[in-house]
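Structural description and commentary
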Amino acid sequence: EECSPRNCERVTLLNAKAFADSPAEAKKMLAPLRQHQLLKSSLHAQIGRTADFEHLFQEEEAGFPQRRGRADNILTNRAVEAASVLKRHMPLAPSASNTPVILYLGESKFPGAAYSATGRFYMSAYAQWDDPTDDQVNLAWLRKMYDDMEPFASGFYINEFDRESRSDQIHRCFAPEAWQRLRELRQEHDPASVFYDFLGSDAV
């Protein structure tokens, strides 16, 4: 039976946005996607839609309801290899409500900034489920996927990093010199560890 949005157990949604100064520039930026072979076999395609900030905000929020969940991510310069890991693991997800995100960041223009771990691509996944008895199977799935993706990582984004399962890698959320500076500042201003530290970071 031919797959349709009504009878497919799972479908993949690609939502590609171009932030440009004009519709013509945005169209040029998205041209490679319009020519991709997969577009011909898609169940539905909406192309050339413009949107204001409020519409974009509401649309993005709709994909992340308040439910049980866990996120993780990598920054990478090896997006094709990392995407192959996503491709392999996503069909095995225990829950159908899992959202991977791939963002092109380009080259960092602020290497000395607090957001010091860099990579041309940001790849994350948001595992979501409803039943508390499904916690462990979903967490194990997400952990395994990012264990397999880790060899392609140039770093991680601290705000969506799994600090419980991978606390031994928290230092990779920062450039080495930035991490060292953070440790020095902590020793100088909080030698008694009054403020709660990153999980496991004292051992790094």
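This report concerns the structure included in the present document. Remember, predicted model here, so these are calculated numbers, not experimental data. (Residues numbered from 1 in each chain as written. Predicted model: local features only at pLDDT ≥ 70, side-chain atom pairs only at ≥ 80, totals over all residues. Heavy atoms only, no water.)

**Quick word on the overall build of the protein chain**
What the protein chain contains, in helices and strands, is six helices and three strands. Helices and strands in the protein chain line up, N terminus first, as α-α-α-β-α-β-β-α-α. A total of 204 residues make up the protein chain; the buried ones form 29% of that total. Long-range pairs, those at least 24 residues apart, make up 66% of the contacts in the protein chain between residues at least 6 apart in sequence. (Helix = DSSP H or I, 4+ residues; strand = E, 2+ residues; numbered from the N terminus. Buried < 20%, exposed > 50% of the residue type's maximum accessible area, 1.4 Å probe, protein only. Contact = heavy atoms within 4.5 Å.)

**Observations concerning the pattern of salt bridges**
It is possible for side chains of opposite charge to pair when their charged atoms get near one another. Tallied over the entire structure, the rule returns twelve salt bridges. In this structure, the salt-bridge partner of D135 is R68, at a minimum N-O distance of 2.7 Å. Placement of the pair is D135 in helix α5 (residues 135-149) and R68 in strand β1 (residues 68-76), with a sequence separation of 67 residues. On the basis of relative accessibility, which here comes to 17%, the residue D135 falls in the buried class. D162 is the partner of R70 in a salt bridge, and the nearest nitrogen-oxygen pair spans 3.1 Å. (Salt bridge = Lys/Arg side-chain N within 4 Å of Asp/Glu carboxyl O.)

**Regarding the packing of helix α4 (residues 79-89) against α5**
When two helices pack together, their arrangement is captured by the angle between the axes and the distance separating the axes. One can describe the packing of α4 onto α5 by two numbers: an axis separation of 9 Å at closest approach and a directional angle of 150°. By the criterion of interaxial angle, the relationship of α4 to α5 is roughly antiparallel. Note that α4 runs across α5; the crossing there is right-handed. For the pair α4 and α5, contact is made by A82, V85, L86, R88 and H89 and by W141, K144, M145, D148 and M149, respectively. (Axes fitted to C-alpha atoms, helices over the stretch in contact; angles between N-to-C directions. Parallel < 35°, antiparallel > 145°, perpendicular 65-115°, else oblique. Left-handed = near helix turned anticlockwise from the far one by under 90°.)

**Considering α5**
Counted at 1.5 Å a residue, the expected span for α5 with its 15 residues is 21 Å, and the 21 Å between its end C-alpha atoms agrees. For α5, every residue scored as buried is listed here: D135, N138, L139, W141, L142, M145, Y146 and M149. Projection of α5 onto a plane perpendicular to its axis shows the buried side chains occupying an angular sector of 160°, all on one side. (Expected span 1.5 Å × (residues − 1). Arc of directions from axis to C-beta.)

**Examining the packing of aromatic side chains**
Aromatic ring pairs are defined here through the distance separating the ring centres and the angle between the ring planes. Applying the stated rule across the entire model yields five aromatic pairs. Seen from their ring centres, F174 and W179 are 5.5 Å apart, and the 35° between their planes marks the pair as tilted. Look at W179 and you get buried, because its relative accessible area is 7%. If you follow R166 out to its NZ or CZ, it ends over the ring of F156, 4.7 Å from the centre. (Phe/Tyr/Trp six-rings, centres within 6.5 Å; stacked < 30°, edge-to-face > 60°. Lys NZ or Arg CZ within 6 Å of the ring centre and 35° of its normal.)

**Here's the deal with the sheet that holds strand β2 (residues 98-104)**
Remark on secondary structure: sheet strands pair via backbone hydrogen bonds, oriented parallel or antiparallel. Pairing within the open sheet is antiparallel, and its three strands lie in the order β1-β3-β2. Where the open sheet ends on each side, the last strands, each with one partner, are β1 and β2. For this sheet, the mean inter-axis angle between neighbouring strands, taken without regard to orientation, is 10°. Two strands pair when backbone bridges link them, and β2 and strand β3 (residues 121-129) are joined in this way by seven bridges, in the antiparallel orientation. Looking at the pairing, I102 lines up with M123 of β3. Sheet strands in contact with α4 are β1, β2 and β3, and its direction is about 15° off that of β3. (Pairing = 2+ DSSP bridges.)

**Quick look at the pairing of β3**
When you tally the buried positions in β3, you get eight out of nine residues, the bulk of the element. Across nine bridges, the pairing between β1 and β3 is antiparallel. Each bridged residue has a counterpart across the sheet, and for T76 the counterpart in β3 is F121.

By themselves these figures say nothing about function.
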